[in-house]
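Letter by letter, the chains look like this.
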Amino acid sequence: MSHEFDLVDVFARRRYAGNQLAVVHDAADLDGDEMQAIAREFGFSETTFVESADPAGAAVRIFTPGGEIPFAGHPTLGTAAVLRERADGDPDAVTLSLGVGDVPVDVVDASDAPGDRDGDERFWMTQRAPSFGPTLDHDRLAEVLSIDPGDLDDDWPVRVVSTGLPTIVVPLRDRDALTRCAIDRAAYDTVTGDAAVADGAAENVLPFCPDPRNADNDLAVRMFAPAHGVPEDPATGSSNGCLAAYLARHRYWGEPTIEARVEQGYELGRPSLLHLRASDAGAAGDPGDAVSVEVGGAVVPVASGRLD
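Asks: Help me out: how do you make sense of helix H1 (residues 32-42) in this one?
Replies: One turn of an α-helix holds 3.6 residues; hence residues three or four places apart share an orientation. Among the residues of H1, those classed as buried are Met 35, Gln 36, Ile 38, Ala 39 and Phe 42. The buried residues of H1 occupy an angular sector of 165 degrees when projected down its axis, which confines them to one face. In this structure, H1 carries Asp 33, Arg 40 and Glu 41 as exposed residues pointing more than 90 degrees from its buried face. Those residues of H1 that are buried are in contact with strand S1 (3-10), strand S2 (19-24), strand S3 (46-52), strand S4 (58-64), strand S5 (67-69) and strand S19 (299-307). The N-cap of H1, judged by a side-chain oxygen 3.1 Å from the amide nitrogen of Asp 33 a few residues on, is Asp 31. A positive phi of about 75 degrees marks Gly 43, the residue just after H1.

Below you can see the structure in the form of structure tokens.
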């Protein structure tokens with residue numbers, strides 16, 4: 001049986017930027033091995049497989065080149081945008097049924113948004129309430145990222161956070177340090193294999209700094225996930241959701257509520273823009289269910305085709 005597919009760029013302000021996504025339709029007849037082979041063939045950070053396309057609860061599976069994952073941000077937004085385009089009446093919301101449960105995606109008019117707009121429509125996903133894991137040693141993460149310990153900002157913790165796909169959030173001092181980051185695979189495997197980290201399956205590493213290229217933006221980030229077959233990702237909605245929760249919980253800007261514009265992907269030649277919102281009604285040491293997290297961005301159609 002042949003399967004139609006769409007290619008889109010997510011968190012992009014133009015075609016051939018942001019993060020690439022392949023969305024394969026009518027995929028209920030494919031087994032996991034077939035989905036994995038197709039994901040490797042596309043070779044993107046993620047490929048999604050739509051098993052049922054009801055916008056009120058579309059059943060979707062997500063694969064990286066290395067395996068299936070329960071949640072990821074740019075596949076959620078990109079798949080929702082594709083399903084909305086195929087649905088009758090352009091619904092204002094699409095819900096995806098993923099490995100972590102139902103994830104709603106709202107569509108808003110962004111044509112009057114101030115600053116460097118990323119399209120007339122913006123897709124916003126509400127992520128799961130975060131869980132806050134252990135804090136990690138700054139020196140060890142400096143080794144993982146092949147930078148000096150002094151490049152990390154000692155005012156803020158290195159911490160494991162998850163809104164569905166755990167991420168190690170690493171605060172850096174400036175963009176020079178961010179640019180120099182390169183994964184030391186042996187150090188990465190040691191840190192992610194430690195019991196406190198491995199129990200939460202934290203294999204995404206997201207360094208960030210308050211030193212963006214674009215003055216309209218607030219932060220610059222990179223994201224590395226070699227264990228998932230993704231040496232570096234150009235735009236990562238799940239890890240940026242973890243970052244949003246981190247910023248709110250640790251009062252990074254002095255407030256429990258944050259709105260931020262985040263740039264990513266420049267080192268890969270795929271500039272991306274992500275919008276973050278989070279609000280924390282809790283305090284340090286409280287569980288993350290007091291934190292609300294939303295991540296938004298634009299989705300740009302690129303191509304469509306058929307797998308025979």
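Asks: Teacher, can you tell me more about the state of the cysteines here?
Replies: Disulfides are covalent bonds that link the sulfur atoms of two cysteine residues. If you walk through the whole model with that rule in mind, you get zero disulfides. No disulfide involves Cys 181; its sulfur sits 8.9 Å from the nearest other cysteine sulfur, which is in Cys 209.

Asks: It is not clear to me how the pattern of salt bridges should be interpreted in this structure. Could you clarify?
Replies: All told, the structure shown has 18 salt bridges when counted by the stated rule. Measuring nitrogen to oxygen at the nearest pair gives 2.8 Å for the salt bridge that ties Arg 185 to Asp 189. With Arg 185 and Asp 189 both in helix H5 (residues 185-193) and four residues apart, the pair spans about one turn of that helix. Overall, Arg 185 belongs to the partly exposed group, its relative accessible area being 41%. Classification of Asp 189 as partly exposed rests on a relative accessible area of 37%. Residue Glu 267 pairs with Arg 213 through a salt bridge whose shortest N-O separation is 3.0 Å. Of the two residues, Glu 267 is situated in the loop between strand S16 (257-264) and strand S17 (272-280) and Arg 213 in the loop between strand S12 (204-209) and strand S13 (219-221); the sequence distance between them amounts to 54 residues. When its relative accessible area of 33% is taken as the criterion, Arg 213 is described as partly exposed. Connected via shared salt-bridge partners are Arg 213, Arg 222, Glu 232, Glu 263 and Glu 267.

Thresholds applied
- Residues numbered from 1 in each chain as written.
- Predicted model: local features only at pLDDT ≥ 70, side-chain atom pairs only at ≥ 80, totals over all residues.
- Heavy atoms only, no water.
- Buried < 20%, exposed > 50% of the residue type's maximum accessible area, 1.4 Å probe, protein only.
- Helix = DSSP H or I, 4+ residues; strand = E, 2+ residues; numbered from the N terminus.
- Arc of directions from axis to C-beta.
- Contact = heavy atoms within 4.5 Å.
- Polar contact = N/O pair within 3.5 Å; in protein donor to acceptor, adjacent residues only side chain to side chain.
- Disulfide = S-S within 2.5 Å.
- Salt bridge = Lys/Arg side-chain N within 4 Å of Asp/Glu carboxyl O.

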